[in-house]
Amino acid sequence: MTSLIHGANGAQGGPVAAVLRASGTTVHAAVRDAAAYRGDHHPVQVDLASADSLEQAYRGVDGVFVHLPVGAPDVQLAHAHAIVAAVAAARPGRVVVSTSGYATTAGTPVGELVEGIERTGVSLAVVAPRLFLENLLLPTVVAPVRADGVLRYPIRADYRVSWASHLDVADVVARLLTDHAVTGVVGVGALPGLLGTDLAAGFAAHLRHDVTFEPQDVDAFGASIEPMFGAEGAAPVVDSYRWRAEQPDELVDEATSAQRLLGLEPRTVEAWLGDLGV
């Protein structure tokens, strides 16, 4: 069995590639520059803006894992359309899409990606995490945790979230690429959802010192991440936290959760930190 993994040297694709390789699956890494790739998997050079490039990469593989990189919405939309055209032409055995926490409503880049692949008739599963625990390892977030015992993040103290790690997503994606019985949306994340105080307690248990949670101003958070993602990349992230400020919670549907459909439980915050060796 051969799977092509987008971002196989990145935050989401890397753990997926590792889980698949450990299970005996042949992994092809979809990368921008095959000559510069230094990973452990067979590199396949692709251009996300080119349907022809993607079609060549998808042809003959059993499964494809894809997610849209962080970027401006118009660029993401162009990538989504190219991926859909390539899937329609190459017809891989299975496609698994991660929403990366983005909305899948009509007209959004991920919505266009999912709806387009559905129209091709190719077997599709959509992995739908909410917020990634790895966001808490951004330097501007984790540094005060270590130095001052304060976890600051731009969500309300009463806002419950089905937090998940990239490791949890990888376990689900790997299962879905090798077992085609489940199609449609699979939610990935903690049930019941976690509060900020639960996150702080997980850090405290792992670091062995007290950690408290403080809601952070959204604009202050945006200013802290802009040097990392650029103004265009940070803007939709900041907008997502403005949206969260108006929501009651952010939970996966238990009926379509990985817990219910696949029997896969997400890691606790403490276990996740331990697995990463933070």
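Provided above is the structure to which this section pertains.
The following paragraphs examine the structure supplied in this document.

### Side note on the pattern of salt bridges
In the structure shown here, the tally under the stated rule is 10 salt bridges. A salt bridge links Arg-21 to Asp-40; its shortest N-O distance comes to 3.6 Å. Within this pair, whereas Arg-21 is found in helix α1 (residues 13–22), its partner Asp-40 is found in the loop between β2 (26–31) and β3 (42–45), the two being separated by 19 residues in sequence. Under the relative-accessibility criterion, Asp-40 is labelled exposed at 59%. Residues Arg-267 and Asp-168 are paired through a salt bridge, measuring 2.9 Å at the closest nitrogen-oxygen approach. Within this pair, whereas Arg-267 is found in the loop between α9 (258–262) and α10 (269–276), its partner Asp-168 is found in helix α6 (residues 166–178), the two being separated by 99 residues in sequence. One network of salt bridges, with partners in common, ties together Asp-168, Asp-171, Arg-267 and Asp-275.

### Here's the deal with the environment of Phe-229
Residue position: Phe-229 is located in helix α8 (residues 218–244). On the accessibility criterion, Phe-229 (37% relative accessible area) is partly exposed. Put simply, Phe-229 and Ala-49 are 180 residues apart on the chain and 20 Å apart in space, counted from C-alpha to C-alpha. Ignoring any residue separated from it by four or fewer positions in sequence, one finds Phe-229 in contact with Leu-138 and Ala-234.

### Regarding the sheet that holds β2
The pairing of strands in a sheet happens through backbone hydrogen bonds and is either parallel or antiparallel. Pairing is parallel across the open sheet formed by 7 strands, whose spatial order is β3-β2-β1-β4-β5-β6-β9. Edge positions in the sheet fall to β3 and β9 (184–188), since each has one partner strand and no second. The sheet shows a mean angle of 20° between the axes of neighbouring strands, direction not considered. Of the strand pairs in this sheet, strand β6 (residues 124–129) and β9 are connected by 5 bridges, and their pairing is parallel. Note that in β9 the partner of Ala-128 across the bridge is Gly-187. Of the strands in this sheet, β1 (2–6), β4 (63–66), β5 (95–98), β6 and β9 are in contact with α6, which crosses β6 at around 170°.

### So, the packing of aromatic side chains
Enumeration over the complete set of coordinates arrives at 5 aromatic pairs. When the ring of Tyr-153 is compared with that of Tyr-241, the centres are 5.5 Å apart and the planes differ by 80°; the resulting orientation is edge-to-face. With a gap of 88 residues between them, Tyr-153 in strand β7 (residues 150–153) and Tyr-241 in helix α8 connect regions that are remote in the sequence. Judged by relative accessible area, Tyr-153 falls into the buried class, the value being 0%. Consider the rings of Phe-221 and Tyr-241, whose centres lie 5.2 Å apart with planes at 65°: the pair is edge-to-face. Looking at Tyr-241, the relative accessible area reads 3%, which means it is buried. An aromatic cluster is defined as three or more aromatic residues linked by ring pairs; in this entry it consists of Tyr-153, Trp-163, Phe-221 and Tyr-241. In this structure, Arg-244 is placed above the aromatic ring of Tyr-241, and the distance from its NZ or CZ to the ring centre is 4.7 Å.

What counts, and at which threshold
- Residues numbered from 1 in each chain as written.
- Predicted model: local features only at pLDDT ≥ 70, side-chain atom pairs only at ≥ 80, totals over all residues.
- Heavy atoms only, no water.
- Salt bridge = Lys/Arg side-chain N within 4 Å of Asp/Glu carboxyl O.
- Helix = DSSP H or I, 4+ residues; strand = E, 2+ residues; numbered from the N terminus.
- Buried < 20%, exposed > 50% of the residue type's maximum accessible area, 1.4 Å probe, protein only.
- Contact = heavy atoms within 4.5 Å.
- Pairing = 2+ DSSP bridges.
- Axes fitted to C-alpha atoms, helices over the stretch in contact; angles between N-to-C directions.
- Phe/Tyr/Trp six-rings, centres within 6.5 Å; stacked < 30°, edge-to-face > 60°.
- Lys NZ or Arg CZ within 6 Å of the ring centre and 35° of its normal.

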